[in-house]
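# Observations on chain architecture
Now for the letters of each chain:
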Amino acid sequence: PAPVPSLPLPPPVQPFDSVIAPAGIGGMGVVTLTGTPRLDFASLQTFNYGDLYTSRSGFPVVVFQLDQPSLTVYRGVADQYADAATPTSFNVPYDAFAHTDPNEQVLLQASLADGRPLPAWVVFDAQSGRFDVRPPATFRGELQLKLTARDSKGREVQALFRFSVGEKREQSAGRPGLTDQLRQAAPRPAAARAG
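Presented here is a report on the structure given in the accompanying data block. Bear in mind the structure is a predicted one, so any value in this text is a computation, not a measurement. (Residues numbered from 1 in each chain as written. Predicted model: local features only at pLDDT ≥ 70, side-chain atom pairs only at ≥ 80, totals over all residues. Heavy atoms only, no water.)

### Observations regarding the overall build of the protein
So the rule is basically this: The helix and strand labels rest on DSSP assignments: H or I over at least four residues marks a helix, E over at least two residues marks a strand, and numbering proceeds from the N terminus. What makes two residues a contact is simply this: any of their non-hydrogen atoms within 4.5 Å. Here the accessible surface of atoms and residues is derived via Shrake-Rupley with a 1.4 Å probe, and residues count as covered only by protein chains that are part of the display.
Regarding its fold elements, the protein presents 2 helices and 14 strands. Taking the contacts inside the protein whose residues are at least 6 apart along the sequence as the reference set, 66% of them involve residues at least 24 apart. Per element, the accessible surface of the protein, about 11800 Å² overall, is 53% carbon and sulfur.

### Side note on the pairing of strand β13 (residues 141–151)
The line we're drawing: Here, a strand pair is defined by DSSP locating no fewer than two bridges between the strands.
Taken together, the 7 bridges between strand β10 (residues 106–112) and β13 define a ladder with antiparallel strand orientation. Note on β13: the bridge partner recorded for Leu112 is Leu145. As paired elements, β13 and strand β14 (residues 156–165) share 10 bridges and run antiparallel to each other. Pairing of Leu145 across the sheet is with Phe161, part of β14. If you look at the hairpin formed by β13 and β14, you'll find 4 residues sitting between the two strands, and Gly154 has a positive phi there, around 90°.

### As for the side chain of Thr54
Basically, it comes down to this: Counting of polar contacts relies on pairs of N or O atoms within 3.5 Å, with two restrictions inside protein: one atom must be capable of donating a hydrogen and the other of accepting it, and residues adjacent in sequence are counted only when both atoms are side-chain atoms.
Looking at the element boundaries, Thr54 is found in the loop between β4 (37–38) and β5 (62–63). There is a polar contact of 3.5 Å between the side chain of Thr54 and the backbone oxygen of Phe59. Once you skip the residues sitting within four places of it in the chain, Thr54 turns out to touch Phe59, Pro60, Val61, Val63, His99, Asp101, Pro102, Glu104 and Val106.

### Let's talk about unusual backbone geometry
Here is the rule: Each residue is assigned to one of three classes by its accessible area relative to the maximum for its type, calculated with a 1.4 Å probe on protein chains only: buried under 20%, partly exposed between the two thresholds, exposed over 50%.
Backbone geometry places Ala85, a non-glycine residue, at a positive phi of 60°. Mapped onto the elements, Ala85 comes out in the loop between β7 (80–82) and β8 (88–91). With a relative accessible area of 43%, Ala85 lands in the partly exposed category.

### Some details on the sheet that holds strand β12 (residues 130–133)
Put simply, the rule reads: Fitted lines through C-alpha atoms serve as axes, helices being fitted only where they are in contact, and the angles separating the N-to-C directions of these axes extend from 0 to 180 degrees.
Pairing in this open sheet of 3 strands is antiparallel, and the strands run β8-β12-β11 from one edge to the other. What marks the edges here is a single partner per strand, and that holds for β8 and β11 (122–125). Going across the sheet, the axis of each strand differs from the next one's by a mean of 15°, ignoring polarity. Both β11 and β12 contribute to a ladder of 4 bridges, which runs antiparallel. Bridging across to β12, Val122 finds its partner in Val133.

### Overview of the packing of aromatic side chains
To be explicit about the condition: Ring geometry is summarised as follows: Phe, Tyr and Trp rings, the Trp one being its six-membered ring, pair when their centres sit within 6.5 Å, and such pairs are stacked at plane angles under 30 degrees, edge-to-face over 60 and tilted between the two.
Enumeration according to the criterion identifies 8 aromatic pairs in this entry. Ring geometry for Phe90 and Phe131: centres 4.8 Å apart, planes at 15°, overall stacked. Placement of Phe90 in strand β8 and of Phe131 in strand β12 is noted, with a sequence separation of 41 residues between them. This pair shows no difference in class: Phe90 is buried, exactly as Phe131 is. Ring centres of Phe90 and Phe161 lie 6.1 Å apart, and the angle between their planes is 90°; on these two criteria the pair is classed as edge-to-face. You can see Phe90 sitting in strand β8 and its partner Phe161 sitting in strand β14, a full 71 residues away along the chain.

### Regarding the sheet that holds β13
In sheet architecture, strand pairing relies on hydrogen bonds along the backbone and comes in two forms, parallel and antiparallel. The strand order β7-β14-β13-β10 describes an open sheet built from 4 strands, whose pairing is mixed. If you trace the sheet from one side to the other, it starts and ends with β7 and β10, each paired once. The average angle at which neighbouring strand axes cross in this sheet is 25°, direction not considered.

### Here we look at the pattern of salt bridges
As a reminder of what qualifies: Counted as salt bridges are all cases of a side-chain nitrogen of Lys or Arg within 4 Å of a carboxyl oxygen of Asp or Glu.
In the structure shown here, the tally under the stated rule is 8 salt bridges. Between Asp151 and Arg155 there is a salt bridge, and its shortest N-O distance comes to 2.8 Å. Arg155 sits in the partly exposed class, given a relative accessible area of 26%.

Structure below.
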């Protein structure tokens, strides 16, 4: 039998001064993390004994195995949409952030991107990571939101995302939902290709 080729080792973690938040908004998508290593997530693996998250006494985030303790933005938060005057809710995904310590407690805080408090019609539960939104009938537009994750050692990172009300979903720049991804990946009928 032919020898089994060995897999290459992942590239080492490189020191870097900032991490680009995936849901960046108009130049605000760079989160400065001076002295924090740049995480090459393509080469990282979560622990192989199932999905591992940080302590549930805070908001659980995925855990990556690295030598140096770190909290960072991983996938961020996708942009969100609601029809005008329609209550909606959404949860922060557990992979929005990543940590290296499974025993760490990560706390979340939400505000507008400029640091002002959320409007009264946006309620955020930091423990569950749930946003409950009841937009007023007169509101149409976009909120730029900032989600801050902080661990017990004082490490802190932010992810920025948009929440649009009454605007078409296609105008949102976030990650497409699974339904949209499947629709885009589906083969087009022959008649549609010909026309």
